[in-house]
Every structure is written in structure tokens, then in C-alpha cells.
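Architecture and fold: a report
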Amino acid sequence: MAQTLFPPTHLVRAATLADLEAKGSLLVHLEGQTIALFYSKGQVYAIDNRCPHMGFPLHGSVCKDGIVTCPWHYARFDLASGGTFDSWADDVRSFPVQIRNGAVWLDVAPQVDARQHQQQRLQDGLEQGISLVIAKSVIALLDMKVAPTEPFQLGIAFGTRYTKNGWDTGLTILTALMNLLPYLDESDRPRALYQGLSAVARDSADAPPHFVVHPLPNASIDFQTLKTWFRQFIERRDAEAAERCLVTAIRSDLPRPQIAEMLFAAATDHRYLDGGHTLDFINKALEALDNTNWQNAESVLASLIAGLASASRMEESSSWRYPVDLVEILESAFEQLPAALEAGQSQSGNWTGQADLLPILLGEDAQAIAEGLLQALQAGCTETQLAATVTYAAALRVARFHTNNDHGDWNSAHHPFTYAHAVQQGLQRLVESTTSKQPPTLELIRGVFDAAMSVYLNRFLNVPPARLPNPKDIVADPEILLQQLPTLLDRQQQVNETGKLVAQYLYSGGKPQKLMALLGKLMLRENRDFHVIQSVEASFRLYSQLGGTPEAVHVLVATARYLAAHAPTMRSQEQTYQMAYRLHRGDQLFEDAESPE
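Keep in mind that what you see is a predicted model, and the values were worked out from it rather than measured. Numbering of residues begins from 1 in every chain and follows the order in which that chain's sequence is written. Local features in this predicted model are restricted to residues of pLDDT 70 or higher, and side-chain atom pairs are both shown and tallied only at a pLDDT of 80 or more, whereas totals for entire chains, interfaces and linings draw on every residue. Note: side-chain values were computed over all heavy atoms of the structure, leaving out hydrogens and water.

Glancing now at the overall build of the chain. In this text, helices come from DSSP runs of H or I with a minimum length of four residues, and strands from runs of E with a minimum of two, each type numbered from the N-terminal end. Along its length, the chain carries 24 helices and nine strands. With respect to the principal axes defined by its C-alpha atoms, the chain has extents near 95 × 70 × 40 Å. Looking at the 597 residues of the chain, the share that counts as buried comes to 55%. Here, two residues are considered to be in contact whenever any of their heavy atoms come within 4.5 Å of each other. Counted over contacts in the chain with a minimum sequence separation of 6, partners at least 24 positions apart contribute 72%. A total accessible area of about 26300 Å² is found for the chain, and carbon and sulfur atoms account for 49% of it. Residues counted as positive are Lys and Arg, residues counted as negative are Asp and Glu, and His and the chain ends are not counted. A charged residue contributes its charge at one atom only: NZ of Lys, CZ of Arg, CG of Asp or CD of Glu. Taking the average place of the 48 positive charges on the side chains of the chain and the average place of its 66 negative ones, the gap between the two points comes to 3 Å. Residue exposure (1.4 Å probe, protein chains only): buried if accessible area is under 20% of the type maximum, exposed if over 50%, otherwise partly exposed. To be clear on the numbers: accessible area is Shrake-Rupley with a 1.4 Å probe, and residue cover counts the displayed protein chains and nothing else.

Next comes the structure, spelled out in C-alpha cells:
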């Protein structure tokens, strides 16, 4: 017979029953806790005096029919259990009561599993879309030393289950911020997860659940067939058939790189889908799965299908067809790709032509750009080297973006950069996994060419080009510059000044990790912006790949300028986070406030 486990008890004398009966309520302080006692209809109740919503005192609240109502925001609680009738408020802690010899005794031992409670509250916050609840739960969980992957996985599972448009900006923000955690100060990591999870809750608000289709019955289908079918279904915009094909591939235990190859191939069968977002979303979904050891792979990857099937294709865009037919140029280049890759195999990895290719990528001749990319491959440039070069060219567009341009054009410069970086990350994934002579990157490398053409289309944004900071402009103590950065981003129109400061700090021997941690902090204090978060994440990761090169400095200059162009904001999200943090710490948020009677 299984033994019944009871929670431990720790009884403490609180007050005399006569005093409580006479006054109706009392406030007592026991072992570091402030507890409100209530006497109602012959019953004694004890609850934490702090309303769990925003920390206002509950002592003196109206008690009627076994329910106490906070006078500040009117959250209602069952006095016996502490359970709330308003999900935004959270349950208040209640204390078991015993009456002994005319005295009130309370059991102050913990009665609930704190970790399990916070996990449930995080789920509640996501379901109800309540940012304060999300913030409080994330802060509490990480303070318990719960791995960040735990709330992250909960958010991914929720966001891919309840979604209007499939994988979208909220899930991308959450994954980008998860990727940024190693770059952030420890104190900013719960803040990043809070922002990402709140973005998921926003996207999922009032969304119906997505029911993943079943795989093909008794399927034993080889990879190439599944890949061909999947691309055909996406070509016809047949989302249901494509999803069934993808789920079949996952259930067939195909290697993860082959699943990625299927998705990337379909995403590059047409040009620059949805301005680059489609492929970026695929890359982020795969990175999300990497963070969770591919838990819930079917629902996560199925969430990509609707966007992939319905994405706008740049073949249908006039800017890609007129006055120069970029699609025609690209299709001709793609026919030459297999031969170019084969020609470069014998000298693969020995390419040193980035300095010669960059002016072509930033130039005025689209045909020359396509030819330059092919020639680089023929000369031994690897797929990832080529992608990194195009990504750097895209970053230079942002670093040299002239502030005389329309503010909305910042995004025109931004999109090629994050798209090119996503292609680079995808190629790295496939290259590292290949064990066969057949290159798994053959389709995805088309994305490098697409990125290069999107950089070409944005050449007017650098007319005239903003000047890159001078490497000789150094200071003796670079740490002084970091102290100036927060104030600089408190003001509008500090784009050039911010870029100069970042470069000056690095050229003066400042610590890149410290700079990136501060830029991350300054990003998180602003109201979340999808493109800013994308830019910062891509820049930090590219900087790490480039090391301490001049190119790496330009990448951080680009993202710092982009951040400055989108700061300051209202910062209401940071206000919510600060309130949650102070509540968790036990601060008296409203020490001078009086109960509104």
C-alpha cells in the first residue's frame, strides 16, 4: 500500500482569537512574512498581505461571503484557499489555521511546489496574454535556477499550437532572444525571455489551435521522393499536402539535416520569398528545435507550411523585373551553379577574393554581381564563405545608410542583411552535416544570389554613403565611451554619433563582449521591435564568426546605428518588467500609497 505523503508543518502562534474577533482583521508579522488575518462568520482565515497582482496590501480589504477583494484593482480571492477569481492577479498564498486554547496558530510551511506553480502561471500568462504574469513567472523560474530552455520550450510549444498565421514574428523574436542569452548579462536574461514570450502571447491571442495532419499510412518513402513531392506541393501552394509530406518525413526518422534541406529547397525555388522573412522563419524554427533537442518537431515545422505556401514571390514583383530583369539573370546563373561548384572543389577553402568581390556586390551592375559570385565559387570559395561575404555587404548597406533617407528605408536596408545571415546559418547547418558527395546546399546556395540582388536593389540607400568611422580615432580609456552610450540612446537622431562611439570603443581596445552586453541591455529597455531584435541577434553572431577583424567592427556599427534609429520608445514593456522584478524581490512598490476607501 502506497504511503500517503503530507506536506511538512511549521506552526507559529499568530494572535489571540478574542483580539481577532473584536477587530475583524489583524496584520501580523511571522518569520519574515506579513500575513493578514480575517474573521468572518465564525471562521478564521490567513493570507499573505501582499496582493500578488501588484503588491498592494490586502489588510483592511472588504471580506464578504468568504471572498476578499483587493481595493486597488479589485482582484478577488477565496479566503480559504487563496485562489483568485481573476487570472491576471495570481493566487495569493493562504496559511492553514488551527485554534488552540483561544489562540490562532498558523502553519507557515510551504504548501505548493513553487516551480510547478510558476510553470502553470507562465502557461496562464501565455493563454491570457498578460505580460505582467509572464514576467513574474520567468523571473521566478530563472531565480530557481531553472534552465532557460524550459520556459523557452513552453513558449515554442504554445506559439506553434495556437497561431493565426503559422510561424510568425513572435516565435522568431523568442528564438532570436534565446540565441542572444549568451551575449547578455545574467540579469538581462529573464528580461529577454519575458519579451520573447510576450511576443508569442501577442501573436497567439484569440488564435485557434492548429491540428497537425497525420503522416501517410505505413509509409516507407525515400528522401528524394519526399523532397520532390514537398517542393511540388509548395509550388502549387497546396499547404495541406505539403504538411502531410513533411510530417511523413519527420515520422520516418529521416536525418534532421535532410528535413532542413527539404524546407530550404522549397524556400529557394522562388526568389526572395516575402522579402526574406520566409527563409528567415525556417532558419529560426530549426534553431528553436536545436535549443530543445527537437522536441515537438512536427508542430514546430508544420507551423512553417502556411507561410511557405502563401509567400509572395519576387518573380511577381516589378522591381525584380524592371528595368533590369534580375530573375532572368539569376535563372541563367543557377544553370551554371553545378559546374561552378565542381570546378572549385579542387581548391576549395583557398579563396581570398573577398576584397575584389565586395565592390562588385555593392556596385551598379546586376549581371556582374551574378558573374562575380559564380567566379568566386569556381575559384574555390566555399558556400559559407560566399554567404558570409554577401552578408557583410548587406551589413555595409546599413553601416553606410545615410540619414537623409526616409526613416522607413531603414527596413529596406535591414531585410537583406537578416535574410543573408539566415542563408549563411542554413548553409553552415547543411555543410556540417553532409557525408555524401551530392552537395545538400545546391538549392540553398540560390539564396546567396537572391541576397546579393536584394543588396543591389538597395544601392540608392548609400547615395551618398555615410562615412564609416575612422580606425585611427581612439581614446585612452574606452570604458568612458560605454558610460556615454545609454545617454546617447535616450535621445532621438543619434545614429551617426552612436555608430562612431561603438567603432571608437572597439578601435581603442574595448572589450567586444562588454559592448554587446550593453547594446543588448539597451535594446531590451525599448518596447520590442521585431526588426531591431533580428538585427542585433544577426550582428552579434556574425561578429563572433568574424572575430576581431575590421569587418566585424563594421557589423556592430551597422546594428548600433539601426538601434539608434529606433530609440527611444515609450518603454512601457520595461516598466512592466521592472514592476514584476520588484514584486519578486519583495519591494514595497507603493510605500506611500493609502488604501482607497
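Moving on, we get to empty space enclosed by the protein. Space inside and on the surface of the protein is sampled on a 1 Å grid over the protein atoms alone, with a cavity defined as a set of points where a 1.4 Å probe fits but cannot get out and a pocket as an open set with protein on both sides within 12 Å along at least 5 of 7 lines; lining residues have an atom within 4 Å of a point. Grid points are joined across faces, edges and corners, and a volume is the space filled by probe spheres set on the points. Using the criterion set out here, one finds three cavities of 30 Å³ or more in the structure. Of the voids in this model, the largest cavity is the one considered here, and its volume is about 60 Å³. Lining the largest cavity are Thr 172, Ala 176, Asp 280, Asn 283, Lys 284, Thr 418, His 421, Ala 422, Gln 534, Glu 537 and Ala 538. Those elements that provide at least two residues to the lining of the largest cavity are α5 (169-180), α10 (277-291), α17 (409-433) and α22 (530-546). Residues were grouped as follows: Ala, Val, Leu, Ile, Met, Phe, Trp, Tyr, Cys and Pro as nonpolar; Asp, Glu, Lys and Arg as charged; and all remaining residues, including Gly, as polar. The residue inventory of the lining of the largest cavity, partitioned by class, reads three nonpolar, five polar and three charged.

Within the largest apolar cluster, 179 residues are counted, with the highest numbers of intra-cluster contacts made by Phe 230 and Leu 301. With eleven residues, the top contributor of residues to this core is helix α23 (residues 550-565). Residues within four places of Phe 230 in sequence aside, it is in contact with Ala 242, Cys 245, Leu 246, Met 262, Leu 263, Ala 266, Ile 305 and Leu 308. Counting residues in hydrophobic clusters, the runner-up holds 16 residues, among them Val 12, Leu 20, Phe 95 and Leu 106. What makes a nonpolar core is a set of buried Ala, Val, Leu, Ile, Met, Phe, Trp, Tyr and Cys residues whose side-chain atoms join them at distances within 4.5 Å.

All right, on to the packing of helix α14 (residues 354-361) against helix α15 (residues 366-378) then. Each axis is a line fitted through C-alpha atoms, taken for helices only over the stretch in contact, and angles between the N-to-C directions span 0 to 180 degrees. Contact geometry for α14 and α15: axes closest at 9 Å, N-to-C directions at 160 degrees. On the basis of their axis angle, the class for α14 and α15 is roughly antiparallel. Regarding α14 and α15, the two cross each other, and that crossing is left-handed. Contacts from Leu 357, Ile 360 and Leu 361 in α14 reach Ala 368, Ile 369, Gly 372, Leu 373 and Ala 376 in α15. Residues belonging to the contact of α14 with α15 are distributed by class as follows: seven nonpolar, one polar and no charged. Working rule for angles: under 35 degrees goes down as roughly parallel, over 145 as roughly antiparallel, 65 to 115 as roughly perpendicular, anything else as oblique. Handedness of a crossing is defined here by the sense of rotation of the near helix relative to the far one, left-handed for an anticlockwise turn of less than a right angle and right-handed for a clockwise turn.

Looking at the secondary structure, you find Arg 397 in helix α16 (residues 383-399). No salt bridge is formed by the buried Arg 397; the nearest opposite charge belongs to Glu 364, separated by 6.9 Å. Not counting residues up to four positions away in its chain, the partners in contact with Arg 397 are Leu 361, Leu 362, Val 455, Tyr 456, Asn 458, Arg 459 and Asn 462. Put simply, a salt bridge is a Lys or Arg side-chain nitrogen that is within 4 Å of an Asp or Glu carboxyl oxygen.

The next point concerns α22. If you check α22, its first and last C-alpha atoms are 24 Å apart, about what 17 residues at 1.5 Å a residue would give, namely 24 Å. Where burial is concerned, most of α22 is hidden: 14 out of the 17 residues are buried. Two to three positions downstream of the cap, the backbone nitrogen of His 531 sits 3.1 Å from a side-chain oxygen, assigning the N-cap of α22 to Asp 529. One or two steps after α22, the chain reaches Gly 547, where phi turns positive at roughly 70 degrees. For a helix, the expected span equals 1.5 Å multiplied by the residue count minus one. A 3.5 Å cut-off defines polar contacts: any pair of N or O atoms within that distance qualifies, except that in protein one atom must be a possible hydrogen donor and the other a possible acceptor, and neighbouring residues in sequence count only when both atoms are side-chain atoms.

Here we come to the state of the cysteines. Cysteine sulfur atoms are paired as a disulfide whenever they fall within 2.5 Å. For the coordinates displayed, the defined rule picks out zero disulfides. Not part of a disulfide, Cys 70 finds its nearest cysteine sulfur in Cys 51, a span of 4.0 Å.

Quick look at the layout of surface pockets now. Rolled over the atoms, a probe sized like a water molecule indicates the empty space that remains. Volume-wise, the largest pocket comes out at about 1300 Å³. Lining the largest pocket are 40 residues, with Asp 48, Pro 52, Asp 91, Arg 93 and Gln 118 sitting closest to its centre. Split by residue class, the lining of the largest pocket holds 16 nonpolar, 16 polar and eight charged. Space inside the second largest pocket adds up to approximately 430 Å³. Leu 142, Glu 186, Ser 187, Asp 188 and Pro 190 are the residues nearest the centre of the second largest pocket, which is lined by 20 residues in total. Counting only elements with at least two residues in the lining of the second largest pocket, the list comes to α3 (131-143), α6 (189-204), α21 (512-524) and α24 (572-585). Counting residues per element, the lining of the second largest pocket draws most heavily on α24, which supplies five residues. Along the lines of polarity and charge, the residues of the lining of the second largest pocket split into eight nonpolar, three polar and nine charged.

Let's shift gears to the pairing of strand β8 (residues 97-100). Across four bridges, the pairing between β8 and strand β9 (residues 103-107) is antiparallel. Paired with Arg 100 across the bridge in β9 is Ala 103. Note: two strands are recorded as paired if DSSP finds a minimum of 2 bridges between them. From the end of β8 to the start of β9, which pair antiparallel, there are two residues, and Asn 101 there has a positive phi angle of about 50 degrees.

This paragraph deals with the pairing of strand β4 (residues 43-48). Summarising the sheet, strand β3 (residues 33-40) and β4 pair through six bridges and their orientation is antiparallel. Among the inter-strand pairings, Ile 35 is bridged to a residue of β4, identified as Asp 48. Counting the residues between successive antiparallel strands, the hairpin from β3 to β4 contains two residues, one of them, Lys 41, with a positive phi of roughly 50 degrees.

Looking now at the sheet that holds strand β2 (residues 25-30). Strand order in the open sheet made by the three strands is β2-β3-β4, with antiparallel pairing throughout. Two strands bound the open sheet, and with one partner strand each, they are β2 and β4. Direction aside, the axes of adjacent strands within the sheet are offset by 25 degrees on average.

This brings us to the side chain of Gln 118. Structurally, the position occupied by Gln 118 is in helix α2 (residues 114-128). Classification of Gln 118 as buried rests on a relative accessible area of 15%. Setting aside residues up to four positions removed in sequence, Gln 118 forms contacts with Lys 136, Ser 137, Ala 140, Leu 141 and Met 144.

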